[in-house]
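Remarks on the overall topology
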Amino acid sequence: QVQLVESGGGLVEPGGSLRLSCAASGSIVYIYVMDWYRQAPGKQRELVASITSGGTTDYPDSVKGRFGISRDNAKNTVYLQMNSLEPEDTADYYCHARIQTRANLRPNDYWGQGTRVTVSS
């Protein structure tokens, strides 16, 4: 069994910063891509940052230059540094990872429970 546990959400003023963390635990053999998604009220879930096991990153234009994703492979942890936050960034943020486990050598997708980010004055 694999668990993804997120932390770091909260209330921040426009222009402020937050850092989200997501730690994976369990019978992990290998973690492939790790991503952050977000879902605002009434909207579809969207990808905001992605990082491969080799460190290649990708961002949509909406967050490029403001958000930075990184990972610590030794700790099975991914981070999302969010700067210059805007009210439009308000959403529930979810961690996702594609993971190979000892029980199943075919990689599966795992999700965290979500952490809420509210950008408001």
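That block above? That's the structure.
Read on for a plain summary of the structure. Please read these numbers as outputs of a predicted model, since none were measured by experiment. (Residues numbered from 1 in each chain as written. Predicted model: local features only at pLDDT ≥ 70, side-chain atom pairs only at ≥ 80, totals over all residues. Heavy atoms only, no water.)

1. Some words on the overall build of the chain
The helix and strand inventory of the chain stands at zero helices and eleven strands. Start at the N end of the chain and walk to the C end: the helices and strands fall as β-β-β-β-β-β-β-β-β-β-β. Computed over C-alpha atoms, the radius of gyration of the chain comes to 14 Å, within 12% of the 14 Å expected from 2.2 N^0.38 for 121 residues, which places it in the range of a compact globule. Across its three principal directions, the C-alpha atoms of the chain cover 45 × 25 × 25 Å. (Helix = DSSP H or I, 4+ residues; strand = E, 2+ residues; numbered from the N terminus. Rg over C-alpha atoms; globule rule 2.2 N^0.38 Å.)

2. Quick look at the side chain of Arg66
As for its placement among the helices and strands, Arg66 is situated in the loop between strand S6 (57-58) and strand S7 (67-72). For Arg66, a relative accessible area of 12% translates into the label buried. Separated by 2.7 Å, the side chains of Arg66 and Asp89 make a polar contact. Each residue touching Arg66, except ones within four places of it in the same chain, is listed here: Gln81, Met82, Asn83, Ser84, Leu85, Glu86 and Asp89. (Buried < 20%, exposed > 50% of the residue type's maximum accessible area, 1.4 Å probe, protein only. Polar contact = N/O pair within 3.5 Å; in protein donor to acceptor, adjacent residues only side chain to side chain. Contact = heavy atoms within 4.5 Å.)

3. Considering the packing of aromatic side chains
Two aromatic rings, taken as a pair, are described by how far apart their centres are and by the angle between their planes. Enumeration according to the criterion identifies two aromatic pairs in this entry. Stacked on the ring of Trp111, the Lys or Arg Arg45 has its end atom at 4.8 Å from the ring centre. (Phe/Tyr/Trp six-rings, centres within 6.5 Å; stacked < 30°, edge-to-face > 60°. Lys NZ or Arg CZ within 6 Å of the ring centre and 35° of its normal.)

4. Quick look at a nonpolar patch on the surface
Residues Val29, Tyr30, Tyr32 and Leu105 make up a contiguous nonpolar surface patch of roughly 380 Å² in combined accessible area. By the secondary structure assignment, Tyr30 is in strand S4 (residues 28-39). On the basis of relative accessible area, Tyr30 is assigned to the partly exposed category, the value being 37%. (Patch = residues over 30% accessible without salt bridge, like charges linked within 9 Å, V, L, I, M, F, W, Y side chains within 5 Å. Areas by Shrake-Rupley, 256 points an atom, 1.4 Å probe, with all protein chains shown as cover. Salt bridge = Lys/Arg side-chain N within 4 Å of Asp/Glu carboxyl O.)

5. Some words on the pairing of strand S5 (residues 46-51)
Each regular strand carries side chains that alternate between the two faces of the sheet. Strand direction decides the pairing type here: S4 and S5, joined by five bridges, are antiparallel. Bridge pairing links Arg38 to Glu46 in S5. In this structure, the hairpin formed by S4 and S5 is closed by a connection of six residues, where Gly42 is found at a positive phi of approximately 75 degrees. With antiparallel pairing between neighbouring strands as the criterion, S5 and S6 make up a hairpin whose turn holds five residues, including Gly55 at a positive phi of roughly 100 degrees. (Pairing = 2+ DSSP bridges.)

6. A closer look at the sheet that holds strand S8 (residues 77-82)
Across the sheet, four strands lie side by side as S1-S3-S8-S7; this open sheet has antiparallel pairing. With one partner strand each, in any of the chains shown, strand S1 (2-7) and S7 form the two edges of the open sheet. Pairs of neighbouring strands in the sheet enclose a mean axial angle of 15 degrees, with direction left out of account. The sheet contact formed by strand S3 (residues 18-26) and S8 spans six bridges and is antiparallel. Counterpart to Arg19 in the pairing with S8 is Gln81. (Axes fitted to C-alpha atoms, helices over the stretch in contact; angles between N-to-C directions.)

7. What about the side chain of Asp35?
When you line up the elements, Asp35 lands in strand S4. Of the polar contacts made by the side chain of Asp35, one reaches the side chain of Ser50; its length is 2.7 Å. There is a polar contact of 2.7 Å between the side chain of Asp35 and the side chain of His96.

8. So, the pattern of salt bridges
A full pass over the atoms with the stated rule returns seven salt bridges. A salt bridge links Arg38 to Glu46, with the nearest nitrogen and oxygen atoms 2.7 Å apart. Arg66 is the partner of Asp89 in a salt bridge, and the nearest nitrogen-oxygen pair spans 2.7 Å. Taken as a pair, Asp89 in the loop between S8 and strand S9 (91-101) and Arg66 in the loop between S6 and S7 lie far apart in primary sequence, 23 residues in all. With relative accessibility at 1%, the residue Asp89 sits in the buried group. A cluster of three or more residues bridged by salt bridges with shared partners is formed by Arg38, Glu46, Arg66, Glu86 and Asp89.

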